[in-house]
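What follows is the residue order along each chain.
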Amino acid sequence: SQVSVDGSIQAQVQCSDARKNAPFKIVVDDGTELEQNPDFMSITNVVAIPKHEIGMVPIAKYSISRIVHHMPLLLERKVTAEGLYCRIAIQVRTKLTNVGDLHAIRITVAVPETVDAESIGIIHGDGIYDELKRTIHWNLDELKKGESFLVAAEAKLWEESELQFPVMLRCHSSHDQISEMNLKVVSAEGHPSSIQFSAAYSFRLLHRLP
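Anyway, here's the lowdown on the structure attached to this text.

### So, the overall build of the protein
- Within the protein, the regular secondary structure consists of zero helices and 15 strands.
- What you see for the protein is a C-alpha radius of gyration of 23 Å, clearly larger than the 17 Å of a compact globule of 210 residues, by over 25%.
- Seen through its C-alpha atoms, the protein measures out along the principal axes to roughly 75 × 30 × 25 Å.
- For the protein, buried positions account for 37% of its 210 residues.
- Long-range pairs, those at least 24 residues apart, make up 73% of the contacts in the protein with a sequence separation of at least 6.
- For the protein, the accessible surface area stands at approximately 13400 Å², while carbon and sulfur atoms represent 48% of it.

### Details of a positive patch on the surface
- On the surface, a cluster of positive charge is contributed by R106, K133, R170 and R208.
- Within the secondary structure layout, K133 lies in the loop between β10 (128-130) and β11 (135-143).
- Accessibility expressed as a relative area gives 61% for K133, which makes it exposed.

### Description of the pairing of β11
- Where strand β8 (residues 102-110) lies against β11, eight bridges are found, and the strand directions are antiparallel. Its bridge partner lying in β11, R106 is registered against N139.
- Pairing analysis gives three bridges linking β10 to β11, with the strands arranged antiparallel. Note that in β11 the partner of I128 across the bridge is H137.
- Counting the residues in the hairpin turn of β10 and β11 gives four residues, including R134, whose phi is positive at 55°.

### Observations regarding the sheet that holds strand β14 (residues 183-187)
- Reading across from one edge, β4-β2-β14 is the order of the three strands in this open sheet, with antiparallel pairing throughout. Lying at the two open borders of the sheet, with one neighbouring strand each, are β4 (46-47) and β14.

### With respect to the sheet that holds strand β12 (residues 148-157)
- The four strands are arranged β6-β7-β12-β9 in an open sheet whose pairing can be described as antiparallel. For this open sheet the edge positions go to β6 (73-82) and β9 (115-124), each flanked by a neighbour on one side alone. When strand polarity is set aside, the average angle formed by the axes of neighbouring strands in this sheet is 20°.

### Some points on the side chain of N21
- Secondary-structure assignment places N21 in the loop between β1 (2-11) and β2 (24-28).
- Exposure remark for N21: the relative accessible area of 9% places this residue in the buried category.
- Here P50 takes part through its backbone oxygen, which lies 3.4 Å from a polar atom of the side chain of N21.
- One polar contact links N21 to K51, side chain to side chain, over a distance of 3.2 Å.

### Concerning the environment of C15
- As for its placement among the helices and strands, C15 is situated in the loop between β1 and β2.
- For C15, a relative accessible area of 26% puts it in the partly exposed group.
- Sequence-wise, C15 and I195 are 180 residues apart; in three dimensions their C-alpha atoms are separated by 9.3 Å.
- Excluding residues that lie within four positions of it along the chain, C15 makes contacts with K20, N21, A22 and K51.

### Focus: the side chain of T135
- On the secondary structure map, T135 appears in strand β11.
- Apart from residues lying up to four places away in sequence, T135 is in contact with T108, V109, A110, I128, Y129 and D130.

### Regarding the pattern of salt bridges
- Tallied over the entire structure, the rule returns seven salt bridges.
- Note that R93 and E76 form a salt bridge whose closest N and O atoms lie 3.2 Å from each other. Of this pair, R93 sits in strand β7 (residues 85-94) while E76 sits in strand β6; the two residues are 17 residues apart in sequence, bridging distant segments of the chain.
- A residue is classified by how much of its surface remains accessible, and R93, at 39% relative accessible area, is partly exposed.
- Under the relative-accessibility criterion, E76 is labelled partly exposed at 32%.
- Across the pair R134 and E113 runs a salt bridge whose closest N-O atoms are separated by 3.7 Å. Residue R134 is found in the loop between β10 and β11, and its partner E113 is found in the loop between β8 and β9; the two are separated by 21 residues along the sequence.
- Of the residues examined, R134 reaches a relative accessible area of 18% and is grouped as buried.

Parameters at a glance
- Residues numbered from 1 in each chain as written.
- Predicted model: local features only at pLDDT ≥ 70, side-chain atom pairs only at ≥ 80, totals over all residues.
- Heavy atoms only, no water.
- Helix = DSSP H or I, 4+ residues; strand = E, 2+ residues; numbered from the N terminus.
- Rg over C-alpha atoms; globule rule 2.2 N^0.38 Å.
- Buried < 20%, exposed > 50% of the residue type's maximum accessible area, 1.4 Å probe, protein only.
- Contact = heavy atoms within 4.5 Å.
- Areas by Shrake-Rupley, 256 points an atom, 1.4 Å probe, with all protein chains shown as cover.
- Patch = residues over 30% accessible without salt bridge, like charges linked within 9 Å, V, L, I, M, F, W, Y side chains within 5 Å.
- Salt bridge = Lys/Arg side-chain N within 4 Å of Asp/Glu carboxyl O.
- Lys, Arg positive; Asp, Glu negative; His and termini not counted.
- Charge placed at Lys NZ, Arg CZ, Asp CG, Glu CD.
- Pairing = 2+ DSSP bridges.
- Axes fitted to C-alpha atoms, helices over the stretch in contact; angles between N-to-C directions.
- Polar contact = N/O pair within 3.5 Å; in protein donor to acceptor, adjacent residues only side chain to side chain.

And the structure:
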């Protein structure tokens, strides 16, 4: 999938020095350029967080565009038509290798003008048709890793024609990441220290099928 990512990096520091936190340097393995937060991060990617800052501190942002070969989910659409009747089915599959589950899933399907909106029937999932926006949407609170979710609707056409049902999916994860960008932390020059580093990833995804 062609993916555009607007990301942010936050850091939380615990230092054995009771007076101050030791500075450290962020290294990006793939060379992605960071937009440093000047309050905490220099242009050389050295991070200095004052002792009084508690919790997660925003230190940088980034924007990248990538071809992602292993998305954490697969979105599939199937449209079938027989005469003046059609059916649209959408399936979401999550990878068994994901670290966590998907949450707040919302699937939205745009209904073309060639469809008789009054004939729309939901045949899988608790879908709702929005007459004003001409969209059908389904919501799911959670989808476990490795599982799938199928929704479907049917309707009557005003006339036989080529059918296009654009699909949009929204969801988020508190454990996985979309891109393969990796960060590591090393000692800053002039500030020797022993560093232990752990990273956690999350994403909010907007996925479209035109």
